[in-house]
Amino acid sequence: MMATFQIAFSWFLLCYHHVSIQAYIPNTVTKSSRIASESSSKRRTSKLLRTCNVLQPPSFQCHHNAATSTSLYALTERQMQFWEDVEQGLKDIETVYPPSQTQSESQRPNLNSMDRIRTFAQTAQGILPPPLPSAPGHQPSPEHMPGLTAQPFWDITSNAIQFPWASKLEENWHIIRQELDAKLENEARAAALAKQQQQQQTLGGGKNSIFSGDSAWQNNVMGAGWSAFRLQRLGVWNGDNCQQFPQTTELLRSLDIPFAVRGVCFARQQAMSGVQPHSDGRNFILTSHLGLKIPKGCWMKVGEETRGWEEGKLTTLDTSFEHSTGNPSEEDRHVLIIDFWHPELTEVEIKALEFVYDLRNKFESGQVPFRKPRRILEQEKKKKMEQGLGLAGMWNGLFSKK
């Protein structure tokens, strides 16, 4: 069972901050793009590069012309296949959510419109220029949904209409805390026994810890003091992990939370450690931290605003803003992290985003076999036809133009 914890945690660290389509997004290579990237945030640039390395993307280039607001981009055949499959999937979704033909009296935007999703896809591919920050500290990535409110912190418990689950979660937070306490106490006893047997590891709480710190990515991005234990991701609950927290799982499932692709996890920040400033880039996901065990002095900075956690209360942030954390105390800090869809997304947009990132996962895991993109097949067909014309065809072609 402990081996299962380690496997689950290792997979989490590869996926928590990287449910991303970076492998299918062109990298800018022009001088103007490099200058813009450096001026926005050197830390963000290095994070995106690390993201690409972890996902092992194929190499490709994108050239954005700022003067004309056009892009010249080149994708590998695998990337072409991905985006062709995305387009087909979006068309299929449109058949289920057809655009209505009439506007309401208030002239609200069409709730089944796919316009923003198609803009998202074009921006992600580099066809459209990358988004600009909307506030100090905002660092949106090419994986961007236009028209969404962007602010560092959100007060969701006071908005029962958009977030009906938030207050109910706070009212029952003690259920989660009790399960976490019981688990940590059991692990402490196991760790003490392991130490006596000289099997205790020096980092992450030991082999028997659900928070085992064994990932290079964790150390590089989140810091050696941060670790997590995942309950849900991409809409799928981790059965083995959920068995360790049955009441927590039952509570979360009962609240009808609109979980986003990164899902739910327990996160620990070790004493005297912190997470360096970074941005997750994607603006269509909000993140709530439910305070469980919060030592005095712990803080989180998002954009230019700094707040703390409170036990039994939700602290909600937009992680497309640069954010960092610190635990200057001598005790570990524990929170439950819940990622959920931005409330201004429509139902059809959520379905489309779920499809895109599920497809990305299938591509990265090798579940989608390679096929030659239709664009390449059409080019090859055209080339063969031109070659088949021979000299006579070329001669006729010259005269036919006149």
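Bear in mind the structure is a predicted one, so any value in this text is a computation, not a measurement.

(A) Main features of the overall build of the chain. Helix and strand counts for the chain stand at 12 helices and 13 strands. Counting only residues that meet the buried cut, the chain has 47% of its 402 residues in that class. The long-range fraction of contacts in the chain, counting pairs at least 24 apart against all pairs at least 6 apart in sequence, stands at 79%.

(B) Representation of the packing of helix α5 (residues 115–125) against helix α11 (residues 347–364). It is the contact of α5 with α11, at a shortest axis distance of 9 Å, that shows an interaxial angle of 30°. One way to sum up the angle between α5 and α11 is to call them roughly parallel. The handedness of the crossing between α5 and α11 comes out as right-handed. In this structure, α5 uses Arg116, Ile117 and Phe120 to contact α11, whose residues at the interface are Glu349, Ala352, Leu353, Val356 and Tyr357. Tallied by class, residues from the contact of α5 with α11 come to six nonpolar, no polar and two charged.

(C) Here's a closer look at the pattern of salt bridges. The final tally for this structure, using the stated rule, is 17 salt bridges. In this structure, the salt-bridge partner of Lys313 is Glu170, at a minimum N-O distance of 3.8 Å. In this pair, Lys313 is assigned in the loop between β10 (305–307) and β11 (314–317) and Glu170 in helix α6 (residues 164–171), connecting sequence segments 143 residues apart. Bridged by salt links that share partners, the residues Glu84, Asp85, Arg371 and Arg374 form one connected network.

(D) Spatial organisation of the sheet that holds strand β9 (residues 299–302). The strand order β7-β12-β9-β10 describes an open sheet built from four strands, whose pairing is antiparallel. On the outer flanks of this sheet lie β7 (273–278) and β10, each paired with one strand and no other. Each strand axis lies, on average, 15° off the axis of its neighbour in the sheet, ignoring direction.

(E) Highlighting the sheet that holds strand β4 (residues 226–233). Read from one edge to the other, the open sheet built from seven strands follows the order β3-β11-β8-β13-β6-β4-β5, with strand pairing classed as antiparallel. The sheet terminates laterally at β3 (153–154) and β5 (236–237), the two strands that pair on one side only. Here strand β8 (residues 285–293) pairs with β11 via four bridges, running antiparallel. In the strand pairing of β11, Ser288 is matched with Thr316. Across the sheet, α6 lies against β8, β11 and β13 (333–341), angled at about 145° from β11, the strand it touches most. With respect to the sheet, α11 is in contact with β4, β6 (259–269) and β13, its orientation differing from that of β13 by roughly 115°.

(F) Layout of α6. Among the residues of α6, those classed as buried are Trp165, Ala166, Leu169 and Glu170. Considered in projection along α6, the buried side chains sweep an arc of 135° and stay on one side of the axis.

(G) Spatial organisation of the environment of Lys351. Looking at the element boundaries, Lys351 is found in helix α11. Overall, the relative accessible area of 37% leaves Lys351 in the partly exposed class. A sequence separation of 258 residues divides Lys351 from Ile93, and the C-alpha atoms of the two residues are 7.7 Å apart. In contact with Lys351, other than residues within four places in its own chain, are Ile93 and Tyr97.

(H) Quick peek at the side chain of His138. Looking at the element boundaries, His138 is found in the loop between α5 and β3. A polar side-chain atom of His138 sits 3.0 Å from a polar atom in the side chain of Ser134. When residues no more than four places from it in sequence are discounted, the contact partners of His138 are Pro133, Ala150, Ser320 and Phe321.

The rules we used
Along every chain, residues carry numbers that run from 1 in the direction the sequence is written. Where local features are concerned, this predicted model is filtered to residues with pLDDT of at least 70; where side-chain atom pairs are given and counted, the filter is 80 or more; whole-chain, interface and lining totals use all residues. To get the side-chain values, all heavy atoms of the structure are used, and hydrogens and water are removed first. Helix and strand definitions follow DSSP, with helices as H or I runs of at least four residues and strands as E runs of at least two, each counted in order from the N terminus. Partly exposed residues are those whose accessible area sits between 20% and 50% of the maximum for their type, while under 20% is buried and over 50% is exposed, using a 1.4 Å probe and protein chains only. Any two residues whose heavy atoms approach within 4.5 Å at even a single point are treated as in contact. In this analysis, axes come from line fits to C-alpha atoms, helices being fitted only over the stretch in contact, and the angle between any two N-to-C directions falls in the range 0 to 180 degrees. Angle categories: roughly parallel below 35 degrees, roughly antiparallel above 145, roughly perpendicular from 65 to 115, and oblique for all the rest. For a crossing to be left-handed, the near helix must be turned anticlockwise from the far one by less than a right angle; the clockwise case is right-handed. For this classification, the nonpolar set comprises Ala, Val, Leu, Ile, Met, Phe, Trp, Tyr, Cys and Pro, the charged set comprises Asp, Glu, Lys and Arg, and every other residue, Gly included, is treated as polar. Any Lys or Arg side-chain nitrogen found within 4 Å of a carboxyl oxygen on Asp or Glu counts as a salt bridge. Criterion used throughout: strands pair if DSSP finds at least two bridges between them. What the arc measures is the spread of directions leading from the helix axis to the C-beta atoms. Here a polar contact means two N or O atoms within 3.5 Å. Within protein one must be a hydrogen donor candidate and the other an acceptor candidate, and residues neighboring in sequence count only if both atoms are side-chain atoms.

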